[in-house]
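# Coordinate inspection notes
What follows is the residue order along each chain.
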Amino acid sequence: MTTNFNKVAGSPPFIIQKLAALEANPTPSKMTLDDLLAETRQYLTTQESEKIRAAYQLANKAHGGVVRRSGEPYIQHPLEVAFLLAGMRIDADGIISALLHDVVEDTDYSLEDLRAQFGNAVATIVDGVTKFDALAGHPTKEQQAAADAVPTNEPPSLLDKRRQRTETVRKMLVAMAEDPRVVVLKLADRLHNMRTLGAMKPSQQQNTARETSEIYAPLARRLGMALVQAELEDMALAYLEPQKYQWLAHQVEEEVARRLPYVQQVCQTLEEEMERAGIRAEVRAWQKHLASINRKLEDMPRQNGNEISDLHDLVSFRILVDTDHECYLALGHIHALWRPKDGRIKDFIATPKLNGYQSLHTTVFCLNNRLAEIQIRTHDMQRTADYGIASYWYLRDRMRKDDGSIHSWRLSYREMVAWIEQLRQWQRELPQQSADEFVEAVKGDIFQEQIFVFTPKGEVRDLPRGSTPLDMAYRIHTDIGDHCAGARIITNMDDTGRLVTRLVPLDYELKGGEIVDIMVNDEVHPTRDWLAFAHTAAARTKIRRYLKTYEREINLQLGRERLDLALKTAGFGGFTEQTQGILQDIYTEADATSILKKYSNLDDIYVALGREDLLIERVTELLQPHLQQQLLPKYTSTTARGKTAQHHREGESASITMVKLAQCCCPIPGDTIIGLLHPSKGMIVHRADCRSLKRYRSTPHMLVEINWLQIEPASYLLPVMIVAHDRAGLLRDVAAVVADASINMTAVTSNSNPASQKAVITATLEISSHEVIEQVERIFRRLRQVKSVVSVERNLHMKG
């Protein structure tokens, strides 16, 4: 059996509504034209039904004699797809397009033939469905014909292929933006193909199921088409992981049967409560579909065996009423009946999701103090939840006859406008990148699971799960993204439910429901690190565009600074005009095999040093023999200079770019620093206020001004001092927090004062070089949350 989308929950209230299980060998469908017309006559005019009959006759003639691998006539496929759309109450043009969607691709009929007989809208939808395959990587008939026209010994140029693919993607976007029925039809087409996938070869089953799981099911979710998404996900799981699917189906069936008396009792109690309140309501119980259950089990902590019995929302409850007011009234009665769980009440009626979804959600301590999830919505909201963007046409027609549907229609309309605007934005960005990169970006943004966050003005923004403040900033405007300095978020504390405001860095992962205020600083600009912070392809593309425009001059300066520091560390006085002249001579005289000849000029070499494409050691090794005779350190004594020269003459292989962080003051990024040149130890980096530097006031030539961009140590030492109320297990808890953060503790001491009952813990933490400031803030924040801890600070004078 498969889910029939035109049959919407007509069963008795105590029967659990769920998606039917997939049969291993589906039997050929017996759908006929009369069945389709009987369905469409329920909401279309007689004249529109006659156009549908004409479209069927053309499709039947075009596909005449062709059979599917299952053995059924090919016309059965477009007929089934059309029937699916009729169940969603798509308009006549959508039904006609479904009947004709393979005619242009597989027969001799052209788009112009369809346009002449059925109008421009039908031709646009059919063309869009054909172009949609560009997202899935399948060649269209146009692409295949172009490829076939090229002689086998004369392949088309790479540029021609890219132009062809770009044009296909552009046409696809235009068609989808002009008419979203393109996407709805393509999803119905894939749904029927999955229902009949049992007739295909195993390898084709795997490929189609994987494509469905990665592209079509997420797209259905993105557009709010929950019923389509659920069935696509379940069928894909059945083919990709058949053993897990069968096990899951068996376990869920047993668990649902065990819960059935409880479910019936809850439904009966809810019905009685609604009747007492005078609310005309329909109560349903609804089982999660198998793929959703599978995801939930995989996300659960590996405790108690991840049992299905642990899922309190395996079966949830829905109450359908007539008006928005009755939704809130029903919620009040439910909370009077059972205590709600803190933080689990969500109002998607006042703040709908961008895909049009509306409902009230609450989790209550139900019978026997068991958690139960209850959703309350109107019948129109239920249709929107089931069919998403596809409900637009149905609600539009309803609105013309019934003013009560206007609010739901406006939501569906807003959803469709948002979809079209997103498509147009992608279309504008297409010329700025290759077609392949663009298609991957679109696939990433469309098909990932979305979260919904708010701007300070209350506007809803949808972003792929895993997005950061950078992604949101670039979604708002490119200039805001280019100068994003972080974000201020308002969110719920998990433990107390209180709203708190806090500052977060660029790599913070946003969570659904947070209010996000992007902080802008004109002094901030994109760096290459931002590419790791951005989650969406659109944000990364804009960052790369900025870097390509402005990064060269930054790397040019950075490369010179790194070379300057390396030469000073080696005792050669730094990068001067004389040094540049020597490097120019080396470059000019170098043969074609030299590493320097990869670059057009010295500026290109400096840029490569700044980007670390060229190792600084390679350049200093080339300069060293020439500088030994001309640029010996001026600050060393005659004896020291002799030793240095002798050291170099003997050709010892000691590193000339050795940089160490001082152990006395333990500097970290953000501190003002000074380099101390040492003849044998290289350069020692101190904090500028380090007490150890006082002894070098008489030899200022040994001190060098440097910045953090010039050095990249593998790790940093961070002395910390923790003051807390003394208690048993304090040191253990502190050590556990540090270990959980994957930070090494190289030293620790603890002292307590019995009189004041205070304890002071001093420790040295080893911080990795990646995102140092963020790591420090994160570990400080966690340490301050340890019970009894009063303060956590850097111990700036621990050693120095």
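Structure: see above.
These notes cover the structure that comes with them. (Residues numbered from 1 in each chain as written. Predicted model: local features only at pLDDT ≥ 70, side-chain atom pairs only at ≥ 80, totals over all residues. Heavy atoms only, no water.)

Our next topic: the nonpolar core. Leu36, Leu85, Met88, Ile95, Leu100, Leu187 and Met225 are the most contacted members of the largest nonpolar core, which totals 63 residues. Top contributing element to this core by residue count: helix α10 (residues 181-195), with eight residues. Those residues within four positions of leucine 36 in sequence are excluded, and the remaining contacts are Ile52, Leu79, Ala82, Phe83, Ala86, Ile95 and Leu99. Membership of the second largest hydrophobic core comes to 41 residues, among which are Val256, Leu270, Ile293 and Cys327. (Core = buried A, V, L, I, M, F, W, Y, C linked by side-chain atoms within 4.5 Å. Buried < 20%, exposed > 50% of the residue type's maximum accessible area, 1.4 Å probe, protein only. Helix = DSSP H or I, 4+ residues; strand = E, 2+ residues; numbered from the N terminus. Contact = heavy atoms within 4.5 Å.)

Throughout the structure, instances matching the rule amount to 24 salt bridges. Put simply, arginine 115 and glutamate 112 hold a salt bridge, and the shortest N to O gap is 2.6 Å. With arginine 115 and glutamate 112 both in helix α6 (residues 111-118), this residue pair falls three residues apart, about one helical turn. Residue classification places arginine 115 among the partly exposed residues on the basis of a relative accessible area of 28%. Residue classification places glutamate 112 among the exposed positions, given a relative accessible area of 51%. (Salt bridge = Lys/Arg side-chain N within 4 Å of Asp/Glu carboxyl O.)

Orientation of helix α1 (residues 33-40) relative to helix α2 (residues 46-62), taken along the N-to-C sense of each, is 155°, at an axis distance of 10 Å. The angle between α1 and α2 places the two elements in the roughly antiparallel class. Considering how the two elements wind past one another, α1 and α2 form a crossing that is right-handed. Packed against α1, whose contacting residues are Leu33, Leu36, Leu37 and Thr40, the element α2 presents Ser49, Ile52, Arg53 and Tyr56 at the interface. Per-class residue counts for the contact of α1 with α2 are five nonpolar, two polar and one charged. (Axes fitted to C-alpha atoms, helices over the stretch in contact; angles between N-to-C directions. Parallel < 35°, antiparallel > 145°, perpendicular 65-115°, else oblique. Left-handed = near helix turned anticlockwise from the far one by under 90°. Nonpolar A, V, L, I, M, F, W, Y, C, P; charged D, E, K, R; others polar.)

Moving on: α2. The end-to-end C-alpha distance of α2, which contains 17 residues, comes to 25 Å, matching closely the 24 Å that a straight helix rising 1.5 Å per residue would cover. Turning to α2, its buried residues number three or more, namely Ser49, Ile52, Ala55, Tyr56, Leu58, Ala59 and Ala62. Of the surrounding secondary structure, the elements contacted by the buried residues of α2 are α1, α3 (76-87), α4 (92-100), α5 (103-106) and α6. (Expected span 1.5 Å × (residues − 1).)

Another aspect to go through is helix α23 (residues 537-569). With 33 residues, α23 extends only 41 Å from end C-alpha to end C-alpha; this falls clearly short of the ideal 48 Å at 1.5 Å per step. At tyrosine 550, α23 is deflected by roughly 55°, the largest bend along its length. (Bend = angle between axes of the 7 residues up to and from the residue.)

Per the stated rule, a full pass over the model turns up one aromatic pair. Of note, arginine 318 hangs over the ring of tryptophan 286, and the distance from its end group to the ring centre comes to 4.6 Å. Taking NZ or CZ as reference, arginine 339 lies 4.1 Å from the ring centre of phenylalanine 365, over its face. (Phe/Tyr/Trp six-rings, centres within 6.5 Å; stacked < 30°, edge-to-face > 60°. Lys NZ or Arg CZ within 6 Å of the ring centre and 35° of its normal.)

On to the sheet that holds strand β16 (residues 703-705), then. Taking strand neighbours across the sheet as the criterion, the four strands line up as β13-β15-β14-β16 in an open arrangement whose pairing is mixed. The strands lining the two open edges of the sheet, one partner per strand, are β13 (659-661) and β16. Within the sheet, the average angular offset between the axes of one strand and its neighbour, ignoring direction, is 35°. Along the sheet, α23 makes contact with β13, β14 (673-678), β15 (682-687) and β16, crossing β15 at roughly 115°. (Pairing = 2+ DSSP bridges.)

Moving on to a positive patch on the surface. Where like charges cluster on the molecular surface, the positive patch consists of Arg502, Lys511, Arg781 and Arg782. Residue position: arginine 781 is located in helix α29 (residues 772-784). Classification of arginine 781 by relative accessible area gives partly exposed; the value is 40%. (Patch = residues over 30% accessible without salt bridge, like charges linked within 9 Å, V, L, I, M, F, W, Y side chains within 5 Å. Areas by Shrake-Rupley, 256 points an atom, 1.4 Å probe, with all protein chains shown as cover. Lys, Arg positive; Asp, Glu negative; His and termini not counted. Charge placed at Lys NZ, Arg CZ, Asp CG, Glu CD.)

Before going further, it helps to examine the environment of valine 283. Assignment of secondary structure puts valine 283 in strand β2 (residues 282-287). With 93 residues separating them along the chain, valine 283 and isoleucine 376 place their C-alpha atoms 9.4 Å apart.

Another point: the packing of α23 against helix α25 (residues 602-611). In a pair of packed helices, the angle between the axes and the distance between the axes together describe the arrangement. Two elements in contact, α23 and α25, have axes whose closest approach is 6 Å; the angle formed by their N-to-C orientations is 85°. The angle between α23 and α25 falls in the class roughly perpendicular. On the side of α23, the interface is formed by Glu551, Arg552, Asn555, Leu556, Leu558, Gly559, Arg560, Arg562 and Leu563, while α25 contributes Asp603, Asp604, Tyr606, Val607, Leu609, Gly610 and Arg611. Per-class residue counts for the contact of α23 with α25 are six nonpolar, three polar and seven charged.

On to the pairing of β15, then. By the criterion of burial, β15 is predominantly enclosed, with six of the six residues buried. With three bridges joining them, β13 and β15 adopt parallel strand pairing. Looking at β15, one finds that valine 659 is bridged to methionine 683. Sheet analysis places β14 next to β15, joined by six bridges and oriented antiparallel. Paired with leucine 677 across the strands is methionine 683, a residue of β15.

Phi angles above zero are rare outside glycine, and asparagine 368 is one such case at about 60°. When you line up the elements, asparagine 368 lands in the loop between β6 (360-365) and β7 (371-378). Residue asparagine 368 is classed as exposed on the basis of its relative accessible area, which comes to 69%. Positive phi, close to 80°, is recorded for serine 788, a residue that is not glycine. Here serine 788 is to be found in the loop between α29 and β20 (789-794).

So yeah, pure geometry; function would need other evidence.
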